[in-house]
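Breakdown of the fold
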Amino acid sequence: MPAASVIKSNLEQIRERLTRAASKRGVSPGEITLVAVTKTVPVDVIGVAHALGINDFGENRVQEALTKIEFLPPDIRWHFIGHLQTNKVRIVLPVFDLIHSLDSIKLAGVIEKEGKKNNKKVNVLLQVNIGAEESKYGFKQEEVSDALGELADYRNLKVLGLMAVAPFLPDPEEVRPYFRQLYRIFKNVKIPGIEMKYLSMGMSNDFEVAVEEGANVVRLGSALFGERS
Ligand SMILES: *Cc1c(COP(=O)(O)O)cnc(C)c1O
């Protein structure tokens, strides 16, 4: 795992690149939320990133996340970014602030029920399989509008935006059309009761292009912590 000085310099470079991309887009860098993705990253290294000023962290596996979260400061906002199994909803709700990966109506139903039991409004993003890839979870783009229409009636689940994992293509310019398309969907949602606030797209390989195309949440793992083994 990287030394604190390496994380610090990675973070400085990320911030510079985010600032440049935001200014190309004509938005302030303060409008972009950096979620540090900490899968496989140990607690002490997460603590280093937190001490450097990061307050939003993302995990994609429930068990791994729970074993780490209890050792970290309570002011951290935790983002769940992986596929969420319905039988894990109960343990996820108390610890995560935003679930990026709402990928089925069935899952929404379980979240709604569990939210009601706990008298809680659960914040989620609708995951869109923007590349229509077999291997990926999420709603197809043509399903988004109907899904949001249905979820608008839920009382204990609040959709705050969209999330996507774009197809992995070595040249981030090739990913640009996917980001542009997701932004178009995001902007065109006009459903009473649903506010499109967050657009979570862009990872280490392509986050600048994502911001240029309208992302206001980026999820970065390896750019900050180095390659995962
Ligand atoms: C791992 C992961 C990321 C971060 O990936 P990097 O390429 O390391 O930045 C972002 N989003 C999701 C859903 C992930 O699983």
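My aim in this report is to walk through the structure given alongside it, one point at a time. In this numbering scheme, every chain counts its residues from 1 along its sequence in written order. For a predicted model such as this one, the threshold for reporting local features is a pLDDT of at least 70, and the threshold for listing and counting side-chain atom pairs is 80 or more; totals across whole chains, interfaces and linings nevertheless cover every residue. The basis for the side-chain values is all heavy atoms of the structure; hydrogens and waters are excluded.

What to know about the overall build of the protein chain
- Helices and strands together make up the secondary structure of the protein chain, namely nine helices and eight strands.
- Atoms counted for the radius of gyration: C-alpha only. Globule rule: 2.2 Å times the number of residues to the power 0.38. The C-alpha radius of gyration computed for the protein chain amounts to 17 Å, which stays within 12% of the reference 17 Å derived for 229 residues, consistent with globular compactness.
- With the principal axes as the frame, the protein chain shows a C-alpha extent of 50 × 40 × 30 Å.
- Buried residues in the protein chain amount to 48% of all 229 residues. Comment: elements are numbered from the N terminus, with helices defined as DSSP H or I runs of at least four residues and strands as E runs of at least two. The buried label applies to any residue whose accessible area, calculated with a 1.4 Å probe on protein chains only, is under 20% of its type's maximum; exposed applies above 50%, and partly exposed to all values in between.

Some remarks on the pattern of salt bridges
- A carboxyl oxygen of Asp or Glu within 4 Å of a side-chain nitrogen of Lys or Arg is what we treat as a salt bridge. Applying the stated rule across the entire model yields twelve salt bridges.
- Two residues, K8 and E12, come together in a salt bridge whose shortest N-O distance is 3.5 Å. You can see K8 and its partner E12 sitting in helix α1 (residues 4-25), four residues apart, about one turn around the helix.
- One salt bridge connects E59 with K68, and the closest N-O pair in it is separated by 2.8 Å. For the pair E59 and K68, a shared accessibility class is recorded, and that class is buried.
- Each member of the salt-bridge network shares a partner with another, and the members are K24, E173, R176, R180, E212 and E213.

A look at the environment of K88
- Tracing the backbone shows K88 in the loop between β3 (77-80) and α4 (89-92).
- You can call K88 partly exposed: its relative accessible area is 21%.
- Contact criterion: two residues are considered in contact whenever any of their non-hydrogen atoms come within 4.5 Å of each other. Discounting residues that sit within four places of it in the chain, K88 has contacts with V62 and Q63.

Let's talk about the site of the ligand
- The criterion for a residue being near a molecule or strand is simple. One of its heavy atoms has to lie within 4 Å of it. Every residue close to the ligand is listed here: V37, K39, N60, I81, V165, M203, S204, R219, L220, G221, S222 and R228.
- We call two N or O atoms a polar contact when they sit within 3.5 Å, provided that within protein one can donate a hydrogen and the other can accept it, with sequence-adjacent residues counted only if both atoms are side-chain atoms. Separating an oxygen atom of the ligand from a backbone N or O atom of S222 is a distance of 2.8 Å.
- Residue R228 places a side-chain N or O atom 2.8 Å away from an oxygen atom belonging to the ligand.
- Computed by Shrake-Rupley with a 1.4 Å probe, the accessible areas treat only the displayed protein chains as cover when residues are assessed. A total of 390 Å² of accessible area belongs to the ligand in isolation, and the protein chains cover 89% of it.
- Residues of the shell around the ligand, tallied by class, amount to five nonpolar, four polar and three charged. For this classification, Asp, Glu, Lys and Arg are treated as charged, while Ala, Val, Leu, Ile, Met, Phe, Trp, Tyr, Cys and Pro are nonpolar and the rest, including Gly, are polar.

Observations regarding a negative patch on the surface
- On the surface, E142, E143, D146, E150 and D153 cluster together to form a negatively charged patch.
- Looking at where D146 falls in the secondary structure, it is placed in helix α6 (residues 144-151). Within this analysis, patches are made of residues with over 30% relative accessible area and no salt bridge. Like charges are joined at 9 Å or less; nonpolar side chains (Val, Leu, Ile, Met, Phe, Trp, Tyr) at 5 Å or less. Neither His nor the chain ends contribute to the count of charged residues, in which Lys and Arg are positive and Asp and Glu negative. Where a charge lies is defined by one atom per residue type: Lys uses NZ, Arg uses CZ, Asp uses CG and Glu uses CD.

Points about α1
- The first and last C-alpha atoms of α1 sit 31 Å apart over 22 residues, in line with the 32 Å expected at 1.5 Å per residue.
- Looking only at α1, the buried set comprises I7, N10, L11, I14, L18, A21 and A22. Axial view of α1: buried residues confined to an arc of 100°, hence all on one face. What points out from α1, more than 90 degrees from its buried face, is the exposed set S5, R20, S23 and K24.
- The inward-facing, buried residues of α1 abut β1 (33-37), α2 (43-51), α8 (207-212), β8 (217-220) and α9 (222-225).
- G26 sits one or two residues past α1 and shows a positive phi near 85°. Expected helix span is computed as 1.5 Å times (number of residues minus one). Along the arc lie the directions from the helix axis toward the C-beta atoms.

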